[in-house]
Amino acid sequence: MFLSAAGCLLMVYILCISGVEGKPNSVFALKGSSVNLSCSAPHSAANIKWYIVSKSGAENVYHDVSAHKNHERFIISEDNFTLTIRDLPECERNLYCCSETVPKMRPDETDSCQQNSIQLRVIDLQVKVFPASERQKVTLMCSSSCSLTESPAAFIWYQNGEFLYEDWSPWYQELVNSDQAVRYSCAIKGYEDLRAPDVSVDSVSGSCFSVTYAGGRMCSYKSEKQSCSITFPAEVRIERTEPHNSHSKMTCSSSCSLTDNKTSFQLYKNTESGEQKVNQNSLVLISSPESFFCTVKDHHDLLSNEVCADGSDCWSVSYDSRRICGLKGSSVNISSKYSHPEYQQPQTKRWYKVKINTKLEEELMENKGDVNYQDDMRNQHILRLNNLEEKNSGEYEFRMKTEQRKRKAIQFPGVTLIVTDLLVDVRPAAEVTEGQRVTLTCSTSCPLSENTNYIWYLNSRPLSLTKTPNKHLIIDAVSSRDEGNYSCAVEMISSVGKTLTVLRGRTATTTVNWGPAARFSVSLLVCLLLSVFVFL
């Protein structure tokens, strides 16, 4: 067993350090932490150096880390030349390499620095908390402040430090009630050591919700390594005063009286070059063609609708809903409301899709099948997606363009759509013993609304003729009559079946009494097999 475990550890080590030929090895690390980069190039104690590599056209530019402006963050070990980088900054994506000779600006197969380069990527995971439409609950999402080059293989969720489940969607499967004793965290599969700081939901009301973070960027006003508790408004408003002398004032507000200075608001103005911060209560010309909106500081997902200085005559886009959970095979409407100056009509109105946690975007072209534009209502544009598939998951933005102006959001989110299957989850297991309590859950990759109705089936027959808003089917004392294939359905969309097997009584465990001679023979046989394995 020891040899087997050692072999597994060796294989994990090889997989961790091995890259694809011609491509740099990738190392992920968490913001604010330290990382050790090993120098695998042949080296001598006299000449070894570490470099940060950047591109200038087709050529590489090498910067000696000892000459870096923040050189105190870099420590090179004298015995094995390992480079330690401390206090990693957010979203760093530098390429590092070590060499005992000066690297070539145009690398080839003989360039040891290029062949042994390491791509360092610093991420900053955070569990985002949003108010749900039900108002007495919240929803969670695993988010990175740094855009990723590709979608993660899967997200892993933890509850009170214990593994909960794994899924491709960054959205937590259930709506969450307030409970200070329950802590949530998440990680990207393959990098489980880089978990987001724990989050607990302390209270939820119709106007506010309070969250405790065990550190991270949400606690940056204090210290990212210390916990903090913050009360957020469930809704952010922007108010415009009546015009006076061709000017008006824009003010951010909410109905949450518990909000403190840690959740101060920020006023923004939309311009052709992007969003710009504006001081609250500053005077604004009512003839301004720009729109204004408010956000909660450091929580850009909590934002108001856009408004115009004069009430209507400006460029603005708002959405009916910011987060949508859609069922695979169904249809969904993503609705936007917009305005524009009367003298400037938009030449094009288009929807764009951005892959979640990345900056990779594509324009959605209308077709007669799965993508339809509905533009027959005044100041409202609807994107209808039919026959939803998992690939439709992403962030959607509505943009208007003229020859002089392109309406494009840069920093703030549009509408997040997650497309989910229905799956039957059986706990504690799909094979149980008579008398056990069994819970079947019609699970999804994102939380459906509380008023969603479910139908449960056993061997393709409905268990009840009436729909129920309960996604859980609980069998208190399971028996052989409950055995069979279970499935669930929502809005004519059905899950794949899951078979529940019920064992009659407890399975017997056979105990064999080994005599001394037999024990010796078995031990000798195991040793011989291990010896042959090691020799091979």
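Above this note sits the structure.
All of the points below concern the structure found in this document.

Conventions we followed
- Residues numbered from 1 in each chain as written.
- Predicted model: local features only at pLDDT ≥ 70, side-chain atom pairs only at ≥ 80, totals over all residues.
- Heavy atoms only, no water.
- Helix = DSSP H or I, 4+ residues; strand = E, 2+ residues; numbered from the N terminus.
- Buried < 20%, exposed > 50% of the residue type's maximum accessible area, 1.4 Å probe, protein only.
- Core = buried A, V, L, I, M, F, W, Y, C linked by side-chain atoms within 4.5 Å.
- Domains from an automatic or database assignment.
- Contact = heavy atoms within 4.5 Å.
- Pairing = 2+ DSSP bridges.
- Axes fitted to C-alpha atoms, helices over the stretch in contact; angles between N-to-C directions.

Let us look at unusual backbone geometry. Across the junction of R427 and P428, the peptide omega takes the value 10°, indicating a cis bond. Mapped onto the elements, P428 comes out in the loop between β34 (423-427) and β35 (431-433). We note that N387 has phi near 50°; this positive angle belongs to a residue other than glycine. As for its placement among the helices and strands, N387 is situated in the loop between β31 (380-385) and β32 (394-401). In this model, S460 sits at a positive phi of 70°, which is unusual for a non-glycine residue. Position of S460 among the secondary structure elements: in the loop between β37 (455-458) and β38 (461-462). Residue S460 is classed as exposed on the basis of its relative accessible area of 66%.

Moving on to the nonpolar core. Residues L140, Y213 and F232 are the most contacted members of the largest nonpolar core, which totals 44 residues. Looking at which domains feed residues into this core, each of domain 1 (25-123) and domain 2 (125-233) gives three or more. Apart from the residues lying within four places of it in its own chain, the contact partners of Y213 are Q126, V127, V129, D198, V199, M218, C219, Q226, S227, C228, I230 and F232. I418, V426, C442 and I493 belong to the second-largest nonpolar core, a separate cluster that totals 28 residues.

For the rest of this paragraph, the subject is the sheet that holds β34. Strand pairing in a sheet relies on backbone hydrogen bonds. The paired strands run either parallel or antiparallel. If you walk across this open sheet you meet the three strands as β34-β36-β39, and the pairing is antiparallel. Each edge of the open sheet is held by one strand with a lone partner, namely β34 and β39 (472-475). In this sheet, adjacent strand axes meet at a mean angle of 15° when their direction is disregarded. In the sheet, β34 pairs with strand β36 (residues 438-443) via five bridges, with the strands oriented antiparallel. Across the sheet, L423 pairs through a bridge with S443, a residue of β36.

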